[in-house]
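# What the coordinates show
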Amino acid sequence: ARLRFWNLATGEQLSNLPALTGGEPLAFSDSGELAASIGPAGSILIFAVGRPEVIRHLPTESGVATRVCFLPGEDQVAIGTRSGTVEVWDVPQRSLLVTLSAGDASVWHLDAHDPGRLTAALRDGSLLAWETGTWEPLLVSGIKNVAGIQHVVRRDDWLMTGYSDGRINVFRESSDRL
C-alpha cells in the first residue's frame, strides 16, 4: 500500500510514500505543506507533502500514539496516547513542550482548529480542553458513554460528538465551557 498526495487543481501527483501508518490517522498543517502520521512503533512521523521522505520523527514519551493533530501553524503537534495523555511537541526543535493528563481513557480524537484551544475526546466518551500556550484546563465533560466517541466536528461555537451507538451530543461553547 502507498500514501499518495495529489494537487487537486492540476491532477499532478506530488509524492508517493510507502504506507507508514497502517490505516492510522493522518493530520495536515494549516498550510497543507506538512503531514503527520502515526508510525509503526507508535511514534509520530512528519513529512513534507511534496517530498517523498520523513523529515521529522517524534517519539512519544508517555505511551503509544493514537491521534495526532497540528496546532495552528506548523511548529507544534499534539499527540494523544493510549495511556490517556496528550503530548505537545515543538516540531522544528524535536522537543516535548508539555504533557497533559487526560485521565485513564485512551485519547480518541484531537482538535486544534479553534485558535487558542486544544480539545481531546476520550475513548470513554468524555471531553477535555486546554488553553494553548498556558495549558490551563478549560473544560471537563462528565458525560461518559461506553460506546465511545467515533467523530468530533467543530463548527463555529458548536462542538458535536458522534458515538458508535448512533447518538450525537451537541455542545455550545461559551467563554470557558462547552
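Check the entry above for the structure.
This text gives an overview of the structure that appears in the document. These numbers were taken from a predicted model, which means no experiment stands behind them.

The element strand E9 (residues 85-90) is extensively covered by neighbouring structure, given that 6 of its 6 residues are classed as buried. Where burial is concerned, the two faces of E9 agree: the one with Thr85, Glu87 and Trp89 and the one with Val86, Val88 and Asp90 are both buried. Here strand E8 (residues 76-81) pairs with E9 via 5 bridges, running antiparallel. Its bridge partner lying in E9, Ile79 is registered against Glu87. Taking the residues between adjacent antiparallel strands as the criterion, E8 and E9 are bridged by 3 residues, where Gly84 takes a positive phi near 85 degrees. Pairing of E9 with strand E10 (residues 95-101), which is carried by 6 bridges, proceeds in the antiparallel orientation. Pairing of Val88 across the sheet is with Val98, part of E10.

Let us look at the environment of Val86. Within the secondary structure layout, Val86 lies in strand E9. Sequence separation between Val86 and Ala65 is 21 residues; the distance between their C-alpha atoms is 9.1 Å. With residues up to four places along the chain from it excluded, the contact list for Val86 reads Ala78, Ile79, Gly80, Val98, Thr99, Leu100, Val107, Leu110, Leu118, Ala120 and Trp130.

Attention now goes to the sheet that holds E9. If you walk across this open sheet you meet the 4 strands as E7-E8-E9-E10, and the pairing is antiparallel. The open sheet is flanked by strand E7 (65-70) and E10, the only strands paired with a single partner. When strand polarity is set aside, the average angle formed by the axes of neighbouring strands in this sheet is 20 degrees.

Turning our eyes to something else, we now look at the layout of surface pockets. Estimated volume of the largest pocket: approximately 270 Å³. Ala27, Phe28, Val68, Cys69 and His113 are, among the 15 residues lining the largest pocket, the residues nearest its centre. Looking at the lining of the largest pocket, the elements that each hand over two or more residues are strand E3 (26-28), E7 and strand E11 (107-111). In terms of residue count, the dominant contributor to the lining of the largest pocket is E7 (4 residues). Counted by class, the lining of the largest pocket contains 9 nonpolar, 3 polar and 3 charged residues.

In this section: the side chain of Ser29. Summarising the element assignment, Ser29 is placed in the loop between E3 and strand E4 (34-38). For Ser29, a relative accessible area of 5% corresponds to the buried category. The contact partners of Ser29, leaving out residues within four places of it in the chain, are Leu34, Phe70, Gly73 and Glu74.

Definitions and limits used
Residues numbered from 1 in each chain as written. Predicted model: local features only at pLDDT ≥ 70, side-chain atom pairs only at ≥ 80, totals over all residues. Heavy atoms only, no water. Buried < 20%, exposed > 50% of the residue type's maximum accessible area, 1.4 Å probe, protein only. Helix = DSSP H or I, 4+ residues; strand = E, 2+ residues; numbered from the N terminus. Pairing = 2+ DSSP bridges. Contact = heavy atoms within 4.5 Å. Axes fitted to C-alpha atoms, helices over the stretch in contact; angles between N-to-C directions. 1 Å grid on protein atoms, 1.4 Å probe; cavity = no way out; pocket = protein on both sides within 12 Å on 5 of 7 lines; lining within 4 Å. Points joined across faces, edges and corners; volume = space filled by probe spheres on them. Nonpolar A, V, L, I, M, F, W, Y, C, P; charged D, E, K, R; others polar.

In short, the description is geometric, and any link to function would need to be established separately.
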